[in-house]
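Each chain is listed here by its residues.
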Protein chains: 2
Amino acid sequence: MVIELAENYGFCFGVKRAIKIAEENKDSATYGPLIHNSKEIARLDKDFNVGLIEDFKSFKAGDTAIVRTHGIVKDELEQLHKSGINVIDATCPFVTKPQEIAQEMSEEGYDVVIFGDAAHPEIKGVQSYATHGAIVVTDVEDVKKLKFKEKIALISQTTRKVEDYLAIANYLVPRYKEVRVFNTICNATFDNQLAVRDISEISDVMIIIGGKNSSNTKQLFNIAKEKCSDSYHIEDENEIDYSWFEGKERCGVSAGASTPDWIIKNVINAIEKRVN
Amino acid sequence: MVIELAENYGFCFGVKRAIKIAEENKDSATYGPLIHNSKEIARLDKDFNVGLIEDFKSFKAGDTAIVRTHGIVKDELEQLHKSGINVIDATCPFVTKPQEIAQEMSEEGYDVVIFGDAAHPEIKGVQSYATHGAIVVTDVEDVKKLKFKEKIALISQTTRKVEDYLAIANYLVPRYKEVRVFNTICNATFDNQLAVRDISEISDVMIIIGGKNSSNTKQLFNIAKEKCSDSYHIEDENEIDYSWFEGKERCGVSAGASTPDWIIKNVINAIEKRVN
């Protein structure tokens, strides 16, 4: 069986940057998981003593707190700063941007509509920057239930599928005076999505590696599944069921933006060893 | 044969307003055709002595010049004002709006993209307001050949099909940081388009009445043709070929935004008389 990696996969700019920041700040702690990959977080803890604090009130003056790639809620960031904590911001710049847009557009009087998962830390963060509030929608059906004023600013979670984003824009444009569509889907996401679509078309089994709570990995899996019905989302090699590969000729592999190369290598090595 | 009018058709707010302005300004002249309907223009000339001047330099100080519904080029409007001419502006407010947007967006540093017909007076006017220039595109294929900076302001000719406008937005959104989509398609156009689509689906012959140079009438005809292959675009009852109705059961009728009711009535009466 041929095992082939997608043309673009895995770690994005923001994740690489955050891990470098964490490695450079030994004996600190991240507020919430730095990235959505528990294995990599365990490695940072073991090798660099970078811990994980889930409640920001647990930080004490003098502590070093690393802000996760997904960003945090505006008030909490301000609280950390005020509390004499040494704040190191590892928010991905592609997430800082929609935070800024949400604030600016809200202050300019636009109805701010965020396409994403309201429970995801990135979206909780972005939403918190909209001074006069923002509405989070998960799909075009959500939007159909809403009424806005004349002008809408549309922001997307960085990891969303562009087609779903366009569906929302296409619903709004004919119905409102102005729809200001910000392309806040990050390029890495976009490139990984394009590449997984391509490879899924020529594969008869697809393996998508990444955290089960990783939004962008889930999107990759959904895209793979559309083109290749035998697609599987795993966190690491321990989740592989080798019967998946019986009678298959081409196995495509991709990985989410928070999946480190060492996990990807472990998965490929495991498949190679047992199947080929 | 049943003859049925579309639920929305004919004169729009801007045309009604312009005709009222013309009727209230006897012994004046419009600069260019007030609306795209030569029969109605002839009526204004005959009944109100409102003439038609094609070259704005022919106006003399003290003359009354009526600016057409489609608007005119910014420089020419300024010239008319400077020349001591009494300028009465019958530009449709739905056209003034995209003129203002073109100017504002251009001055704010957006690449201004206008979807429309570069040769149409409305678009010549709107384009002239973009201080640093604007690009006119007729379809998404035109857009694919172009490169822009980061931020694009998208404006549509008032009479365009919204689906074609969305195709352009959908091409641009994934490729640029911000696409500010202004819904400058006028409601009357939109309502007439929706209504002609509905009636075309249940008609076996469609008659679309309006000037051959009327952009919105041409769009209505294109939509009708998609749903009903026996669709015809006529200016008045003299262009009817009665063989069109042989063996037909339902005739749908619509008319462009510049088609007066008296022409529509003449057409329906003529069909009624000969066919039923």
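Residues numbered from 1 in each chain as written. Chains lettered and ligands numbered in written order. Predicted model: local features only at pLDDT ≥ 70, side-chain atom pairs only at ≥ 80, totals over all residues.

Caption draft 1: Highlighting the overall build of chain A. Tallying secondary structure elements over chain A gives 10 helices and 12 strands in all. For chain A, the C-alpha radius of gyration of 20 Å lies close to 19 Å, the compact-globule estimate for 276 residues. In terms of overall dimensions, chain A has C-alpha extents of about 60 × 55 × 25 Å along its principal axes. Within the span of chain A, comprising 276 residues, buried residues form 47% of the whole. Expressed as a percentage of contacts within chain A between residues at least 6 apart in sequence, the contacts between residues at least 24 apart total 75%. (Helix = DSSP H or I, 4+ residues; strand = E, 2+ residues; numbered from the N terminus. Rg over C-alpha atoms; globule rule 2.2 N^0.38 Å. Buried ≥ 20, exposed ≤ 12 C-beta atoms within 10 Å, placed from the backbone. Contact = placed C-beta atoms within 7 Å.)

Caption draft 2: Representation of the sheet that holds strand β7 (residues 135-137) of chain A within the structure. Within the open sheet, the eight strands sit side by side as β7(A)-β6(A)-β8(A)-β9(A)-β9(B)-β8(B)-β6(B)-β7(B). Their pairing is mixed. Bordering the open sheet on either side are β7 of chain A together with β7 (135-137) of chain B, each of which pairs with just one other strand. Neighbour-to-neighbour, the strand axes of this sheet turn through a mean angle of 25 degrees, independent of strand direction. Contacting β6 (111-115), β8 (151-156) and β9 (178-182) of chain B, helix α4 (residues 93-107) of chain B runs over the sheet at an angle of about 170 degrees to β8(B). (Pairing = 2+ DSSP bridges. Axes fitted to C-alpha atoms, helices over the stretch in contact; angles between N-to-C directions.)

Caption draft 3: Up close: the domain arrangement of chain A. Residues and elements named next belong to chain A. As assigned here, chain A comprises domain 1 (2-9 + 188-275), domain 2 (13-91) and domain 3 (94-185). Taken over C-alpha atoms, the centre of domain 1 sits 29 Å from the centre of domain 2. Across the boundary between the two partners, domain 1 contributes 10 residues, which contact eight residues of domain 2. Taken together, the residues of the side of domain 1 that touches domain 2 break down into four nonpolar, five polar and one charged. (Domains from an automatic or database assignment. Nonpolar A, V, L, I, M, F, W, Y, C, P; charged D, E, K, R; others polar.)

Caption draft 4: Region of interest: the interface of chain B and chain A. Opposite the 14 residues of chain B that make contact, chain A presents 14 residues. For the side of chain B that touches chain A, the elements supplying multiple residues, two or more each, are α7 (162-172) and β9 of chain B. For the side of chain B that touches chain A, the leading source of residues is β9(B), giving five residues. Class assignment for the residues of the side of chain B that touches chain A results in nine nonpolar, two polar and three charged.

Caption draft 5: Representation of the packing of helix α8 (residues 187-201) of chain B against helix α9 (residues 215-227) of chain B. All names here are of chain B. Running from N to C, α8 and α9 cross one another at 25 degrees; their axes reach a closest spacing of 8 Å. Compared by their axis directions, α8 and α9 come out roughly parallel. Read as a crossing pair, α8 and α9 show a hand that is right-handed. Along the contact surface, α8 presents T189, N192, Q193, V196, R197, S200 and E201, while α9 presents N216, Q219, L220, I223, A224 and K227. Grouping the constituent residues of the contact of α8 with α9 by class yields four nonpolar, six polar and three charged. (Parallel < 35°, antiparallel > 145°, perpendicular 65-115°, else oblique. Left-handed = near helix turned anticlockwise from the far one by under 90°.)

Caption draft 6: Highlighting the pairing of β8(B). All names here are of chain B. β8 sits mainly inside the fold: five of its six residues count as buried. Sheet topology note: the β6/β8 ladder contains five bridges and is parallel. Looking at β8, one finds that V113 is bridged to L154. Pairing geometry for β8 and β9, over four bridges, is parallel. The residue of β9 that forms the bridge with L154 is V181. Between the parallel elements β8 and β9, the chain passes through α7 in a crossover that is right-handed. (Right-handed = clockwise from strand over helix to strand, strands pointing away.)

Caption draft 7: Examining the relation of the copies chain B and chain A more closely. Mapping chain B onto chain A calls for a rotation angle of 180 degrees and an axial translation of 0.0 Å; the resulting RMSD is 0.1 Å. Such a combination of rotation and displacement between the chain copies is what one expects of a two-fold axis. When C-alpha positions in chain B are compared against the rotation axis, the closest is assigned to R180(B), at 2.1 Å. (Least-squares fit on C-alpha atoms with pLDDT ≥ 70 in both.)

Caption draft 8: Expanded view of the sheet that holds strand β5 (residues 86-89) of chain B. All names here are of chain B. Pairing is parallel across the open sheet formed by four strands, whose spatial order is β3-β2-β4-β5. If you trace the sheet from one side to the other, it starts and ends with β3 (51-53) and β5, each paired once. For this sheet, the mean inter-axis angle between neighbouring strands, taken without regard to orientation, is 35 degrees. Note: strand β2 (residues 29-31) against β3, three bridges, orientation parallel.

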